[in-house]
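Examination of the molecular architecture
Chain residues, written in single-letter form:
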Amino acid sequence: MVDNRYATALVIGSVLSLLASVYLSVAVGTQHWYQYNSPVTHEVSNASKLKEEFINGDFSEKTYVEAMFHLNGTLGLWWRCILVPDLKMDCVSFTLQQQFYPKYKAPGDPDSEEELLRTYLWRCQFLLPLVSLALVFLSGLVGLCACLCRSFTPTLGAGVLHLLAGLCSLGTVCCFLAGVDLLHQFLPPPTGVESTMGWSLYLALISFPLQMMAAALFLWAARSHSKSYTRVMAYRVA
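Small disclaimer: the values here were computed from a predicted structure and weren't measured.

Considering the overall build of the protein
- Each helix and strand counted, the protein has 7 helices and 5 strands in total.
- Along the protein, helices and strands appear, N-terminal first, in the series α-β-α-α-β-β-β-α-α-α-β-α.
- Out of the 238 residues in the protein, the part that is buried amounts to 41%.
- Total accessible area on the protein is roughly 12700 Å²; 65% of this is exposed by carbon and sulfur atoms.

Considering the environment of Ser 200
- On the secondary structure map, Ser 200 appears in helix α7 (residues 199-237).
- Using a relative accessible area of 0% as the deciding quantity, one classes Ser 200 as buried.
- Separated by 173 residues in the primary sequence, Ser 200 and Ala 27 have C-alpha atoms spaced 4.6 Å apart.
- Not counting the four nearest positions on each side in its chain, Ser 200 is found in contact with Ala 27, Thr 30, Gln 31, His 32 and Trp 33.

Details of the environment of Glu 113
- Along the chain, the position of Glu 113 falls in the loop between α4 (96-99) and α5 (116-149).
- Note on Glu 113: relative accessible area 52%, which makes it exposed.
- In sequence terms Glu 113 and Lys 103 are 10 residues apart; their C-alpha atoms lie 8.8 Å from each other.
- Excluding residues that lie within four positions of it along the chain, Glu 113 makes contacts with Tyr 104 and Lys 105.

Describing the state of the cysteines
- Throughout the structure, instances matching the rule amount to 1 disulfide.
- Across the disulfide, Cys 81 is cross-linked to Cys 91 (sulfur-sulfur distance 2.0 Å). Between Cys 81 and Cys 91, the disulfide has an S-S torsion of 110° and is therefore right-handed. You can see Cys 81 sitting in strand β3 (residues 79-83) and its partner Cys 91 sitting in strand β4 (residues 89-93), a full 10 residues away along the chain.
- Its sulfur unpaired, Cys 124 is 4.8 Å from the next cysteine sulfur, which belongs to Cys 175.
- The class for Cys 124 is partly exposed, based on a relative accessible area of 32%.
- Free of any disulfide, Cys 168 has its nearest cysteine sulfur in Cys 124, 9.9 Å distant.

Things to note about the packing of aromatic side chains
- Under the definition given, this model contains 11 aromatic pairs.
- Considering the side-chain rings of Phe 94 and Trp 122, the 5.3 Å spacing of their centres and the 80° angle between planes classify their relative orientation as edge-to-face. Residue Phe 94 is found in the loop between β4 and α4, and its partner Trp 122 is found in helix α5; the two are separated by 28 residues along the sequence. An identical accessibility class is assigned to Phe 94 and Trp 122; each is buried.
- Ring-pair connections join several aromatic residues into one group, and the members of that group are Trp 33, Tyr 34, Tyr 36, Phe 69 and Phe 176.
- When the ring centre of Phe 94 is taken as reference, the NZ or CZ atom of Arg 80 above it lies at 4.8 Å.
- Sitting above the plane of the Trp 122 ring, Lys 103 keeps its charged end 3.9 Å from the centroid.

Quick look at the pattern of salt bridges
- A full pass over the atoms with the stated rule returns 4 salt bridges.
- One salt bridge connects Glu 61 with Lys 103, and the closest N-O pair in it is separated by 3.9 Å. Placement of Glu 61 in helix α3 (residues 61-70) and of Lys 103 in the loop between α4 and α5 is noted, with a sequence separation of 42 residues between them. As far as burial versus exposure is concerned, Glu 61 and Lys 103 are alike and both buried.
- In this structure, Arg 118 engages Glu 61 in a salt bridge whose closest nitrogen and oxygen atoms are separated by 2.6 Å. With Arg 118 in helix α5 and Glu 61 in helix α3, this pair connects stretches of sequence that are 57 residues apart.
- Among the charged side chains, a salt-bridge network with shared partners connects Glu 61, Lys 103 and Arg 118.

Conventions and cut-offs
Residues numbered from 1 in each chain as written. Predicted model: local features only at pLDDT ≥ 70, side-chain atom pairs only at ≥ 80, totals over all residues. Heavy atoms only, no water. Helix = DSSP H or I, 4+ residues; strand = E, 2+ residues; numbered from the N terminus. Buried < 20%, exposed > 50% of the residue type's maximum accessible area, 1.4 Å probe, protein only. Areas by Shrake-Rupley, 256 points an atom, 1.4 Å probe, with all protein chains shown as cover. Contact = heavy atoms within 4.5 Å. Disulfide = S-S within 2.5 Å. Phe/Tyr/Trp six-rings, centres within 6.5 Å; stacked < 30°, edge-to-face > 60°. Lys NZ or Arg CZ within 6 Å of the ring centre and 35° of its normal. Salt bridge = Lys/Arg side-chain N within 4 Å of Asp/Glu carboxyl O.

What follows is the structure in structure tokens.
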């Protein structure tokens, strides 16, 4: 028979895990990880040119970053957007191939030296959340096996998987912020342009403690139930 404390811990842990997965999924699919607030200092003709290059031009990091600087842009893991003069937001997605493009010390210039650290930070920032969601899904399968087997032993594995998923979520935020900071060192924003973290990044950051709390509850329930079961069996034998 399962103690109510352990059952409650599993239910709360499952709810926290679900919330973390929803928050992380929303964060991955939205474009408000980082945003720029630009002063109105550009003529409409210049803004139109920036917009045209941003949407229809060849993929160039310098091109889309400068457009975001001057047109109130937002950056996500899979999207880049600008707010054009008619207050309409235009977004362009990063293709899977573009996600693996190398980064250069002179952004937009493939003839310059490749910046390996920024390249791998960029790749990690979109791979880690996918790994995190995959680990949570796998832990759900482990939890289903625990229910079918009527055993708490697989719950220990679910806790470990949630722990790894939480670290991946935290790694996503760290890689993204480190990559943006390095980008600003090579391509600093113009004077007057303010840059801030967006709500999508905060959603990803919130998913980290939720996953860690779910992991702690699963691990506690599995270990405590195992010790309690061992003591009960020893008592019966005695």
